[in-house]
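Coordinates in review
Here are the chains, one letter per residue:
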Amino acid sequence: MTLAYRNLVLIHGLWDTPYVFSRLISYLCREELVIFAPHLPHDGGRRPLLDLAKELDRLIIKRFGCNTQVEILGFSMGGLIARTWLQKFDGAIRTRRYISVGCPQRGTFAAQFVPAFLFPGIADMKRGSDLIRELQHSSDLLKKIKCSSYFCRWDLMVIPGWQAVLPCGSQHRLPVLTHKDLILHPDSLKRLTNDILKC
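Just so we're clear, the structure is a prediction, and the values are computed from it rather than from any experiment.

Describing the nonpolar core
Val9, Leu56, Ile72, Ile81 and Tyr98 are the most contacted members of the largest nonpolar core, which has 35 residues in total. Secondary-structure elements contributing two or more residues to this core are strand S1 (6-11), helix H2 (49-64), strand S3 (70-75), helix H3 (77-88) and helix H5 (130-137). It is H2 that contributes the most residues to this core, seven residues altogether. Those residues in contact with Leu56 that sit more than four places away from it in its chain are Val9, Ile11, Pro38, Leu40, Ile72, Ile81, Ala82 and Trp85. One finds Leu10, Val20, Leu24 and Leu73 within the second-largest nonpolar core, a separate group that totals 20 residues.

Overview of the side chain of Gln87
Along the chain, the position of Gln87 falls in helix H3. For Gln87, a relative accessible area of 8% gives the class buried. A distance of 2.8 Å separates a polar side-chain atom of Gln87 from the backbone oxygen of Leu135.

Re the packing of aromatic side chains
The full count for this structure, using the stated rule, is two aromatic pairs. The interplanar angle of 85 degrees and the centroid separation of 5.9 Å between the aromatic rings of Phe36 and Phe64 together place this pair among those described as edge-to-face. Here the residue Phe36 occupies a position in strand S2 (residues 33-36), and Phe64 occupies one in helix H2, the gap between them amounting to 28 residues. Since its relative accessible area comes to 15%, Phe36 is described here as buried. Assessed through its relative accessible area of 10%, Phe64 is described here as buried. Where Trp154 meets Trp162, the ring centres are 6.4 Å apart and the plane angle is 85 degrees; that geometry is what we call edge-to-face. Taking NZ or CZ as reference, Arg153 lies 5.4 Å from the ring centre of Trp154, over its face. Directly above the ring of Trp162 sits Arg153, whose terminal nitrogen or CZ lies 4.8 Å from the centroid.

Cut-offs used in this document
- Residues numbered from 1 in each chain as written.
- Predicted model: local features only at pLDDT ≥ 70, side-chain atom pairs only at ≥ 80, totals over all residues.
- Heavy atoms only, no water.
- Core = buried A, V, L, I, M, F, W, Y, C linked by side-chain atoms within 4.5 Å.
- Buried < 20%, exposed > 50% of the residue type's maximum accessible area, 1.4 Å probe, protein only.
- Helix = DSSP H or I, 4+ residues; strand = E, 2+ residues; numbered from the N terminus.
- Contact = heavy atoms within 4.5 Å.
- Polar contact = N/O pair within 3.5 Å; in protein donor to acceptor, adjacent residues only side chain to side chain.
- Phe/Tyr/Trp six-rings, centres within 6.5 Å; stacked < 30°, edge-to-face > 60°.
- Lys NZ or Arg CZ within 6 Å of the ring centre and 35° of its normal.

This is the structure we're talking about:
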């Protein structure tokens, strides 16, 4: 009997590397799950998210080719990079599932006063930024994908935390206190693992 391989792409956030997913990967001990966690250097927030999504597109094509179906999980700013890829680089056509974890899907007040000419990548996460408005306007593309959003209410990176959700799909509040706990705390990892391993 041939195994049906599933391809999972993990996208890290600002000031992170793929290492942030090491605990999650240790939970995902399934041979048929092919995990790809590319490194996307953000240059401290100086790279616009559109550029990072373009780089993500190049890396996914290099790893899986142009037609292989994938699933994608984005943590923090990585969730917006993933969503930009889905909606602006035809990623939605080849994606089965999108999991957003602690991502400023509607922007965050934490980025509100960051100057765009210095840190365009951080400024892309402002509430009401051009990118956020564009993604909201074309969010119907996400309705063809199984989407889920995970957040913690008192997140100090995504403010307000309860708005770190996509405009479609299921929404789940995790019982953790900090932004990083969303991807590191055992309770979060168990919930995310259960979601990912669902067929």
